Amino acid sequence: MKILVINAGSSSLKYQLFDLDTEKAIAKGVCERIGIDGHLKHTPLVEGKPVFNEDINLPTHAEAIAAVIEKLTSKEYGVVTSMSEIGAVGHRVVHGGEAFKGSVLIDSDVMATLEECIPLAPLHNPANIAGIKACASVMGDVPQVAVFDTSFHQTMPPKAFMYALPYKFYEELKIRRYGFHGTSHRYVSRRVPQILGIPGEDLKIISCHMGNGSSICAISGGKSVDTSMGFTPLVGLPMGTRCGDLDNGVLQYIMHKNGYNIDEMINILNKQSGVLGVSGVSSDFRDLEEAANKGDERSALALEMFFYSVAKVVGSYVAAMNGVDVIAFTAGIGENSDTTRAGICEYLTYLGCHLDVEANKVRGKEAIISTPDSKVKIMVVPTNEELVIAKDTMEIVKGRK
Ligand code: AMP
């Protein structure tokens, strides 16, 4: 079965077409500048087909989907002969609120509930909904499935997801920790037991998703029991440009001193903070490592703050789960930066965590990077959120889920 996976943003749309007989993507691409002018990069992942990389007019998401289908089925760039070969579409949807505990087949009731979730993710959910509507308009009644960033974390107990605010804010406004990167943490939670040959029910895993956005998840018996992002993806670890945890009183102080309104302030916390804000150099860990190696003190500080923050959250999740068997690193930084992994693990020797310096040199590949005598296994597990979405979509469409 072939499944099209869509990740729609407000002016961009990423896609991958999977052949689930082989579990491999056979084409991928991205539409950019939708609603502005438009650009499509389409990459067939089968031999002998060229890449298409040109400006084309993309006034709406529907035109973007139409362009994607045209390329996927075209003689020159295509990987399928007709649209009917695409059995279903799986959509990444950022926020499913408390309504969606897992992935769902999209119908009119689901669409109505997705609309109700817009206030929880005003920047992301409308774009995801636009992607779903665009597919419906171009692809007719091909089944569509929504896979949520939040749903893996719906197993968190109230003691982990509640904020110590007046209870009415939870009841009336649904203010609580939701968590994000759930598809990635779920992938790690399934892949680690497969690699180790140990049932997931018997494992306590701490999954460290470290990329442009970063979050950590405590996974006990295959279920998320706590995670570092919250009501929004702004909290937890310091990230590329996001501040992570912050004393709320700081907002009032800066806003009064500098005359910012709340939107300006939140924009600073989202876009000008994190390791970029501290270093003044870059949000990209490669740049920071290079600058720190050349003696830039603020870059070194930004990196050390990140390592320290990860180690503190890991420690708190060891407490939350009363132990840990595996610490897994994933996403751009987690998969590629041996210095970041080493910097974090230096704080974890009290747990009996011992990194194998040679094994830790790995990049972008599954590996166990702890020494054989380490009490906790340390692993690199490259994430594959698109494959999770494709598999969920197939199982739901086939009625297995
Ligand atoms: P992601 O959001 O998962 O795509 O991760 C992107 C981030 O991964 C980039 O902004 C970099 O900070 C980081 N990254 C990617 N490759 C490397 C590398 N070789 N060394 C350090 N950081 C990397």
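Everything numeric in this text was worked out from a predicted model, so none of it was measured.

1. Focus: the overall build of the protein chain
Secondary structure assignment for the protein chain yields 14 helices and 14 strands. For a compact globule of 401 residues, the expected C-alpha radius of gyration is about 21 Å, and the protein chain comes in at 22 Å, within 12% of that figure. Projected onto the principal axes, the alpha-carbon positions of the protein chain cover approximately 60 × 55 × 45 Å. For the protein chain, with 401 residues in total, the buried portion stands at 51%. A separation of at least 24 residues holds for 61% of the contacts in the protein chain among residues at least 6 apart in sequence. If you sum the accessible surface of the protein chain, you get close to 18,500 Å²; carbon and sulfur atoms cover 51% of it. Put simply, the protein chain has 39 plus and 47 minus side-chain charges, and the middle of one group is 3 Å from the middle of the other.

2. Some words on the site of the ligand
Every residue lining the ligand is accounted for by Gly 211, Asn 212, Asp 284, Phe 285, Arg 286, Glu 289, Ala 331, Gly 332, Ile 333, Asn 336, Ser 337 and Arg 363. One nitrogen or oxygen atom from the main chain of Asn 212 is found 2.8 Å from an oxygen atom belonging to the ligand. For the ligand, the accessible surface in isolation is 510 Å², of which the surrounding protein chains cover 77%. Elements with a minimum of two residues in the shell around the ligand: α10 (285-293) and α12 (331-336). When residues in the shell around the ligand are grouped by element, the largest group, 4 residues, is from α12. Of the residues that constitute the shell around the ligand, the class distribution is 3 nonpolar, 5 polar and 4 charged.

3. A look at the packing of aromatic side chains
A complete count under the given rule lists 7 aromatic pairs for this structure. Summarising the aromatic geometry, the rings of Tyr 167 and Tyr 170 are spaced 5.7 Å apart at their centres and angled 70 degrees between planes, so their arrangement reads as edge-to-face. Residue Tyr 167 and its partner Tyr 170 are located together in helix α5 (residues 167-173), separated by 3 residues, close to a single helical turn. We classify Tyr 167 as partly exposed; its relative accessible area is 49%. On the accessibility criterion, Tyr 170 (17% relative accessible area) is buried. Ring centres of Phe 285 and Phe 306 lie 4.9 Å apart, and the angle between their planes is 80 degrees; this geometry places the pair in the edge-to-face category.

4. Description of helix α6 (residues 182-196)
An α-helical turn contains 3.6 residues, so any two residues separated by three or four positions project in the same direction. Along its 15 residues, α6 runs 21 Å from first to last C-alpha, staying within 8% of the 21 Å computed at 1.5 Å per residue. Burial in α6 covers these residues: Gly 182, Thr 183, Ser 184, His 185, Arg 186, Tyr 187, Val 188, Ser 189, Val 192, Pro 193 and Leu 196. Downstream of α6 by one or two residues, Gly 197 has phi in the positive range, about 70 degrees.

5. Thoughts on the sheet that holds strand β12 (residues 326-330)
The sheet built from 6 strands is open, its strands ordered β11-β10-β9-β12-β14-β13 with mixed pairing. Two strands in the sheet have a free side with no partner beyond their single neighbour: β11 (223-227) and β13 (367-368). Pairing analysis gives 4 bridges linking β12 to strand β14 (residues 377-380), with the strands arranged parallel. If you follow Val 326 over to β14, its bridge partner there is Lys 377. The sheet strands contacting α6 are β9 (204-210), β10 (214-220), β11, β12, β13 and β14, and the helix crosses β9 at an angle near 130 degrees. Together, β9, β12 and β14 form the strand contacts of helix α13 (residues 338-345), whose direction differs from that of β12 by roughly 150 degrees.

6. Quick notes on the sheet that holds strand β6 (residues 86-93)
Strand order across the open sheet formed by 8 strands is β5-β4-β3-β2-β1-β6-β8-β7, with mixed pairing between neighbours. Strands with a single pairing partner mark the edges of an open sheet, and in this sheet they are β5 (52-55) and β7 (104-105). Note that strand β1 (residues 2-8) and β6 share 5 bridges and pair parallel. Looking at the pairing, Ile 3 lines up with Ala 88 of β6. Running at roughly 35 degrees to strand β2 (residues 13-19), helix α1 (residues 61-73) makes contact with β1, β2, β3 (24-32), β4 (39-44), β5 and β6 of the sheet.

7. Some points on the pattern of salt bridges
Applying the stated rule across the entire model yields 14 salt bridges. Lys 391 is the partner of Glu 23 in a salt bridge, and the nearest nitrogen-oxygen pair spans 3.3 Å. Of this pair, Glu 23 sits in the loop between β2 and β3 while Lys 391 is found in helix α14 (residues 385-397), placing the two residues 368 residues apart along the sequence. With relative accessibility at 34%, the residue Lys 391 sits in the partly exposed group. Between Glu 98 and Arg 176 there is a salt bridge; the shortest N-O distance is 2.8 Å. Of the two residues, Glu 98 is situated in the loop between β6 and β7 and Arg 176 in the loop between α5 and α6; the sequence distance between them amounts to 78 residues.

Rules and cut-offs
- Residues numbered from 1 in each chain as written.
- Predicted model: local features only at pLDDT ≥ 70, side-chain atom pairs only at ≥ 80, totals over all residues.
- Heavy atoms only, no water.
- Helix = DSSP H or I, 4+ residues; strand = E, 2+ residues; numbered from the N terminus.
- Rg over C-alpha atoms; globule rule 2.2 N^0.38 Å.
- Buried < 20%, exposed > 50% of the residue type's maximum accessible area, 1.4 Å probe, protein only.
- Contact = heavy atoms within 4.5 Å.
- Areas by Shrake-Rupley, 256 points an atom, 1.4 Å probe, with all protein chains shown as cover.
- Lys, Arg positive; Asp, Glu negative; His and termini not counted.
- Charge placed at Lys NZ, Arg CZ, Asp CG, Glu CD.
- Near = heavy atom within 4 Å.
- Polar contact = N/O pair within 3.5 Å; in protein donor to acceptor, adjacent residues only side chain to side chain.
- Nonpolar A, V, L, I, M, F, W, Y, C, P; charged D, E, K, R; others polar.
- Phe/Tyr/Trp six-rings, centres within 6.5 Å; stacked < 30°, edge-to-face > 60°.
- Expected span 1.5 Å × (residues − 1).
- Pairing = 2+ DSSP bridges.
- Axes fitted to C-alpha atoms, helices over the stretch in contact; angles between N-to-C directions.
- Salt bridge = Lys/Arg side-chain N within 4 Å of Asp/Glu carboxyl O.

So yeah, pure geometry; function would need other evidence.
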